[in-house]
Amino acid sequence: MKWMIASDIHGSAPACAALLERFHAEGAQRLLLLGDLLYHGPRNDLPEGYRPKEVISLLSGVRESLFCVRGNCDAEVDQMVLPFPILSDMMFLCDGGVSVLATHGHLYHEQHLPPLKKGDVLLHGHTHVPVMENRGDYWLMNPGSVSIPKEGSARSYLTLEDGLFTHKDLTGRVLRSLSVTGE
């Protein structure tokens with residue numbers, strides 16, 4: 001199965017539309033969103049094209065393909081207007097023999113690790129900065145942000161297929177790939 005993974009849309013309709021265009025072009029079966037779907041929060045400026053109602057409509061069109069975790073800017077009121085679940089703090093998935101714990105990153109992160117076994121992947125957003133690193137006992141992956149990238153990074157996402165993470169910008173250009181299967 002091919003997964004597409006993105007984070008931190010923050011209500012940007014153009015960023016969400018570009019993400020969904022890439023989702024269809026990638027031919028991924030599932031889209032995993034790592035939180036902060038509709039609102040920008042007090043620490044961020046308004047993203048370009050801030051139209052949360054349009055983001056609701058766009059994401060609702062692919063709801064059968066979505067898995068989401070709750071970000072620090074997501075609230076119960078958001079769940080009331082979205083036709084798919086967004087309030088889980090984390091989810092667990094397996095791909096190509098790799099165990100992945102997906103979360104937003106405000107509760108669990110490098111300084112506050114969830115329970116992980118050696119070789120597991122901690123996948124989170126929140127920082128708006130992409131990361132693909134082996135941390136010795138675990139892998140750390142972060143797709144960056146599709147709407148408000150930070151530290152000079154591109155608007156970006158990840159794909160995951162058979163243990164291979166690929167970091168791409170919103171044009172689909174490959175920025176980096178990393179296998180976590182040890183092959």
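Let me sum up the structure you'll find in this document. Since we're looking at a predicted model, the values are computed, not measured.

## Brief notes about the sheet that holds strand β11 (residues 174–179)
In step 1: Read across the open sheet, the 6 strands follow the order β3-β2-β1-β9-β10-β11; overall the sheet is mixed. Looking at which strands have only one partner, the edges of the open sheet turn out to be β3 (66–68) and β11. Looking at each pair of strands side by side, their axes are set apart by 20° on average, direction ignored.
In step 2: Note that strand β1 (residues 3–6) and strand β2 (residues 30–33) share 4 bridges and pair parallel. Considered in β2, the bridge of Met-4 is made with Leu-31.
In step 3: Sheet contacts for helix α1 (residues 13–26): β1, β2, β9 (156–161) and β10 (164–169); angle to β1, the most-contacted strand, approximately 165°.

## Here's the deal with the pairing of strand β7 (residues 131–134)
In step 1: Sheet analysis places β7 next to strand β8 (residues 138–142), joined by 4 bridges and oriented antiparallel. When the sheet's bridge partners are listed, Val-131 is paired in β8 with Asn-142.
In step 2: Between the end of β7 and the start of β8, which pair antiparallel, lie 3 residues, with Gly-136 showing a positive phi angle near 90°.

## Re helix α2 (residues 52–60)
In step 1: For α2, the full list of buried residues reads Pro-52, Val-55, Ile-56, Leu-59 and Ser-60. Along α2, the residues classed as buried sweep out an arc of 130° about the axis, all on the same side. Along α2, the residues that are exposed and aim more than 90 degrees away from the buried face are Lys-53 and Ser-57.
In step 2: Along its buried surface, α2 packs onto α1, β2, β3 and α3 (76–81).

## Considerations on α1
In step 1: An ideal rise of 1.5 Å per residue puts 20 Å on 14 residues; α1 measures up with 20 Å between its terminal C-alpha atoms.
In step 2: Residues of α1 that are buried: Ala-13, Ala-15, Cys-16, Leu-19, Leu-20, Arg-22, Phe-23 and Glu-26.
In step 3: In the core, the buried residues of α1 are packed alongside β1, β2, α2, β9 and β10.
In step 4: One side-chain oxygen at the N-terminal end of α1 lies 3.3 Å from the backbone nitrogen of Ala-15; it belongs to Ser-12.

Definitions and limits used
Residues numbered from 1 in each chain as written. Predicted model: local features only at pLDDT ≥ 70, side-chain atom pairs only at ≥ 80, totals over all residues. Heavy atoms only, no water. Pairing = 2+ DSSP bridges. Helix = DSSP H or I, 4+ residues; strand = E, 2+ residues; numbered from the N terminus. Axes fitted to C-alpha atoms, helices over the stretch in contact; angles between N-to-C directions. Contact = heavy atoms within 4.5 Å. Buried < 20%, exposed > 50% of the residue type's maximum accessible area, 1.4 Å probe, protein only. Arc of directions from axis to C-beta. Expected span 1.5 Å × (residues − 1). Polar contact = N/O pair within 3.5 Å; in protein donor to acceptor, adjacent residues only side chain to side chain.

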